[in-house]
Amino acid sequence: MAHLDDLIAKDIHAYLRAQENKSYLRFITCGSVDDGKSTLIGRLLYDSKLIYEDQLASIEKDSKKSGTQGDKIDLALLVDGLAAEREQGITIDVAYRFFSTDKRKFIVADTPGHVQYTRNMATGASTADVAVLLIDARYGVQEQTRRHAFIASIVGIKHVVVAVNKMDIVDFDQSVYNAIDVEFREFAKDLGFLDISCIPMSALDGDNVINRSEKADWYNGPTLLGYLETVDVDSATMGNPFRLPVQWVNRPNLDFRGYSGTVASGVVSVGDDIIVVPSGKRSKVKEIVTMDGNLELAREDMAITLTLEDEIDISRGDIICKTDAPAEQADQFQAHIIWMSENRLFPGRQYLIKTANKTVPASISKLKHRIDINDFSEVAANTLELNEIGVATLSTTAPIAFDSYNDNQTTGAFIIVDKQTNATMGAGMLDFALRRAKNVVWQELDVNKAARSSQKGQKPALLWFTGLSGSGKSTIANLVEKRLMDMGRHTYTLDGDNVRHGMNRDLNFSKADRVENIRRIGEMSKLMVDAGLITIASFISPYRAERDMARELLEAGEFIEIHVNTPLEVAESRDVKGLYARARAGEIKNFTGIDSEYQAPENPEIVIDTTKMSAEAAADFIVDYLSDNGVFNVGEA
Amino acid sequence: MSLIDTFLSRVDALSERSGQSVSTLSRKLFNDGKGITRLRQGGQMTIKTMDAAMSKLEDLESKAEGKDAMRMTHLDRLEAESIHIMREVASQCENPVMLYSVGKDSSVMLHLAEKAFYPSPPPFPLLHVDTMWKFKEMIEFRDRRAKEVGMELHVHINPDGIAQDMNPFTYGSAVHTDVMKTQGLKQALDKYGFDAAFGGARRDEEKSRAKERIFSFRNESHRWDAKNQRPELWDIYNARVHKGESMRVFPISNWTELDIWQYIEREKIQIPDLYLSKKRPVVKKDGVYFLVDDDRMPIGPDEVIEEKMVRFRTLGCYPLTGAVESEADTLPDVIQEMLLTTTSERQGRVIDSDAGASMEQKKEEGYF
């Protein structure tokens, strides 16, 4: 152990050099209330001689007062920090402990066992590489064990040690150990752990914690400390794609512009081609700046500052990636959520989502289900209460750069913050994007029609419905718009009612004004198409020339002329608004079909014969046409 | 397999993997291109030569695996974490400040701040809450370091304390600490409207600190609510506060005392000389030596001022900070002594020894 090292007394310089090469491991201990977690940590500290005399004296004093171990020193008292915990004899918050050996420095998150402290365990687990799950040898795998294993798995811990504790009470019976080993492996087989080690031990007496137990001579595996000193948690993720979430822009003067952050994954070298997500801007790494001199190479977990060859606009919230594998960006996700507040989750309410480096307003649009952490089953739910875990869809008000949590625990994690109180309400792990805006990343784009179209995931179009009054244009147009809306498309309808009363209030039904009417509608539609919308125009528009004029305003393929072909007699017989009757009576002048001509389209994209097709069938027909013509498959790779 | 056979097969493996010829490796290992060939033919080496070659071989092997550039030691990781925390504060908070108490932890924190923002100076000022009873050397050191680093330094002394002629002798350590440190700190934070304050506290120092978050929320009256802390996951920190509320941020939470000393040694960080032993005038009170830093120190009729080789394990108000007798006058010697010692660091401070949970109470009232 570090503090027994002969080198300290003999050659302090040599000792310090040796200590400089120590590696580092963070682990979490969890288990039921009386499984002996605090005792185990106390044991690690005690056996590694990291308890000072004065601390020991104070523990001895407290052991007599409130200890639970009779004449033995209650090592748990070293660890239970808060006054309330010492009085109640339970651990209610995460406590961090430190010890080191010649090989490694360890940070231990000691987390509570009770059901109501799931959030604390998740907190401790979020920064741990290894989970040590304590099981009382007498009771075997309990509900608590399942819950803790599940939380460890959901937070992405890959290495699990099952510490089968209190083996002294069962006389180090190998069959007890074997049964627990088999049972645990069976239930944990779907939890995604890379390795599981079961160690028989007695934290109280120190068997197999640091020193090998003579009583468990049938056990050949490592001691707990032996395992913790050698487990490799570093190399697994080093080959992942490079990610630098930009934390802070470093601008001491006009000549220096650096981007500071901690490398979330992978490796970067001077000269590497980079791309910024979500802006899509590209450049090359010029320098990797640190106060100790520039580096050629930086790896995961290093806090660095990059400068680039080009002056491009990058700010906090962006992620610098290498061009070979950039992060995704999206504004709708599926995510796992752990709720941590006494105020339950309100789907639809706006919260703030805080990722590694960005804060953005967001709402949980829909809770898909809650997960019963005792048997991992999916339960229907509308909300999450404190300590509950669920799967939900999430939408942010602006796209964020991200990776799936499974691929990257830094760029896939987020917390949920209440906008009013600023309290941290929950934590989440992004599973995948529900709607991708992937292609924006590949090249830098101006904000133009293509960009807007891609943002909306659709090709803009103008559906121009033409036909006699009462032919059914508006009915069909409305159905089409509803169907598109249901599909999540972005639409707008211009019709006689919303145009004639506003923009074209100054026009009457004379031929000249009819032409001007259609010209204005054409221009208006063009703007909407430019905005990326599927625009629907529903007007009698009797003259071929004006319809062609509107067609000319747009790009090829964008103008879709739909002739709602209803014979005059049929339209007149329907006469829903009573207009034909009034026109026949001479009350309305210049009425199309009566005293003003209708020029039927010569080559419309779509013809609807309403005498043969219902309005619903017509709407389906039109939506199918749009689908067949690629209006919907934009933005999907 | 003999040691030499193992050695030779590792050399061959390295040669194959790294593309370096055996004679090149031989030159690197023995300063002799033919050394390995001779060894293979049954030639002899002294054990010392073999040991040296073996350790060089290990270096070469780890370089070949790219491990050298890529390896992060525990100090590298602690440093990276602290830098990350400081950058978060600079980005998220409007008006942060760094509490500078002139001790070794503050020295490390200041060094980390320089690293975090290099080549910019740290984008926040320093604040020292003075008690009028700090060691003279601390004040000199403080003013010099602030100037060298190029950071603005605010010094605050509680005016009520000055008016009451506050001192630890007549008022006692508890009242003195409360008025000069706790109240003084709150006054200073209110006066400048800081919404975040860095502190150099470590989780290994004391039991209630082990449970405190890195970003620790304080309400308008600077109180800590131990049972209602914000969950803190991954390295995502929620520093959002309303006007009047604030964050105490502890960037070296996960460092231990040994880490601090090792880092000071590795990075050659300046610390006040008080940490190193030298002959100083001291007086013994209740079995503890205190430095006679100026003539305000009351000397009782039975007390004598002695010259002793002493140093300080922690720095605070000189009448409250016990000296330890020591011969350690260099940094490695201090570290050596610390490692061989068996009493914990804070024991020299009077504030902790009152009752088991006193630090927790003090923190709830706004102490750092």
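Analysis parameters
Residues numbered from 1 in each chain as written. Chains lettered and ligands numbered in written order. Predicted model: local features only at pLDDT ≥ 70, side-chain atom pairs only at ≥ 80, totals over all residues. Heavy atoms only, no water. Contact = heavy atoms within 4.5 Å. Buried area = accessible area lost by both parts, 1.4 Å probe. Helix = DSSP H or I, 4+ residues; strand = E, 2+ residues; numbered from the N terminus. Nonpolar A, V, L, I, M, F, W, Y, C, P; charged D, E, K, R; others polar. Buried < 20%, exposed > 50% of the residue type's maximum accessible area, 1.4 Å probe, protein only. 1 Å grid on protein atoms, 1.4 Å probe; cavity = no way out; pocket = protein on both sides within 12 Å on 5 of 7 lines; lining within 4 Å. Points joined across faces, edges and corners; volume = space filled by probe spheres on them. Polar contact = N/O pair within 3.5 Å; in protein donor to acceptor, adjacent residues only side chain to side chain. Phe/Tyr/Trp six-rings, centres within 6.5 Å; stacked < 30°, edge-to-face > 60°. Pairing = 2+ DSSP bridges. Axes fitted to C-alpha atoms, helices over the stretch in contact; angles between N-to-C directions.

Draft legend 1. Fine view of the interface of chain A and chain B. Facing the 89 residues of chain A at the interface are 72 residues of chain B. When chain A packs against chain B, close to 6,900 Å² is buried across both sides, 58% of that on carbon and sulfur atoms. Counting residues per element, the side of chain A that touches chain B draws most heavily on helix 2 (residues 12-20) of chain A, which supplies 7 residues. The residue inventory of the side of chain A that touches chain B, partitioned by class, reads 42 nonpolar, 27 polar and 20 charged.

Draft legend 2. Looking closely at the side chain of B:Ser106. Residues and elements named next belong to chain B. Among the structural elements, Ser106 can be located in helix 7 (residues 104-117). Of the residues examined, Ser106 reaches a relative accessible area of 4% and is grouped as buried. Each residue touching Ser106, except ones within four places of it in the same chain, is listed here: Leu99, Tyr100 and Ser101.

Draft legend 3. Layout of empty space enclosed by the protein. Residue and element names in this part refer to chain A. On inspection of all chains with the given rule, the structure shows 6 cavities of 30 Å³ or more. There is about 50 Å³ of room inside the second largest cavity. Along its surface, the second largest cavity is lined by Gly317, Ile319, Thr355, Ala356, Asn357, Lys358, Ile400, Ala401, Thr410 and Thr411. Grouping the constituent residues of the lining of the second largest cavity by class yields 4 nonpolar, 5 polar and 1 charged.

Draft legend 4. Region of interest: the side chain of B:Asp76. Residues and elements named next belong to chain B. Along the chain, Asp76 turns up in helix 6 (residues 74-92). Separated by 2.9 Å, the side chains of Asp76 and Arg266 make a polar contact. Not counting residues up to four positions away in its chain, the partners in contact with Asp76 are Arg71 and Arg266.

Draft legend 5. Structural detail: unusual backbone geometry. Following A:Val277, the chain continues to A:Pro278 via a peptide bond in cis, the omega torsion being 10°. For the peptide bond that leads from B:Tyr118 to B:Pro119, omega is 5°, which places it in the cis range. With respect to the helices, strands and loops of the structure, B:Pro119 is situated in the loop between helix 7 and strand 2 (126-130). A positive phi angle, close to 75°, is found at A:Asn387, a residue other than glycine. Mapped onto the secondary structure, A:Asn387 falls in the loop between strand 19 (377-379) and strand 20 (389-402). The exposure class of A:Asn387 is buried, given its relative accessible area of 10%.

Draft legend 6. Inspection of the packing of aromatic side chains at higher detail. Residue and element names in this part refer to chain A. For the structure on display, the rule yields 26 aromatic pairs over all chains. Geometrically, the ring pair formed by Phe184 and Phe187 is edge-to-face, given 5.1 Å between the ring centres and 90° between the ring planes. A residue pair is termed a helical-turn pair when its members lie 3 or 4 positions apart in one helix, as Phe184 and Phe187 do in helix 8 (residues 174-187) at 3 residues. Accessibility assignment for this pair places Phe184 and Phe187 in one class, buried.

Draft legend 7. Molecular detail of the sheet that holds strand 14 (residues 303-308) of chain A. Residue and element names in this part refer to chain A. Pairing is antiparallel across the open sheet formed by 7 strands, whose spatial order is 7-15-11-12-14-9-8. In this open sheet, the two strands that pair with only one neighbour each are strand 7 (243-245) and strand 8 (248-253). Recorded for the sheet is a direction-independent mean angle of 40° between the axes of neighbouring strands. As paired strands, strand 11 (residues 273-277) and strand 15 (residues 319-322) are joined by 4 bridges and run antiparallel to one another. Residue Val277 lies in a different strand from strand 15, and its bridge partner there is Ile319.

Draft legend 8. Examining the sheet that holds strand 26 (residues 559-565) of chain A more closely. All names here are of chain A. Reading across the sheet, the 5 strands line up as 24-25-23-26-27 and stay open at both edges, with parallel pairing between neighbours. Unpaired on one side and paired on the other, strand 24 (491-495) and strand 27 (606-609) mark the two borders of the sheet. Averaged over all adjacent pairs, the angle separating strand axes in this sheet is 20°, with direction ignored. Packed on one face of the sheet, helix 14 (residues 544-553) meets strand 23 (461-466) and strand 26 and runs near 155° to strand 26. Running at roughly 170° to strand 27, helix 17 (residues 615-628) makes contact with strand 23, strand 26 and strand 27 of the sheet.

Draft legend 9. Quick look at the pairing of strand 9 (residues 305-311) of chain B. Residues and elements named next belong to chain B. Pairing analysis gives 6 bridges linking strand 7 (residues 278-285) to strand 9, with the strands arranged antiparallel. Residue pairing in the sheet places Val282 in a bridge with Glu306 of strand 9. With 2 bridges connecting them, strand 9 and strand 10 (residues 324-325) associate as antiparallel partners. By the bridge assignment, Val310 is partnered in strand 10 with Glu325.

Draft legend 10. Here's a closer look at the environment of A:Gln458. All names here are of chain A. Tracing the chain through its elements places Gln458 in the loop between helix 10 (449-456) and strand 23. When its relative accessible area of 0% is taken as the criterion, Gln458 is described as buried. For the pair formed by Gln458 and Val631, sequence separation is 173 residues and the distance between their alpha carbons is 5.6 Å. A distance of 2.8 Å separates a polar atom in the side chain of Gln458 from the backbone oxygen of His490.

Just distances and angles here, no functional claims.
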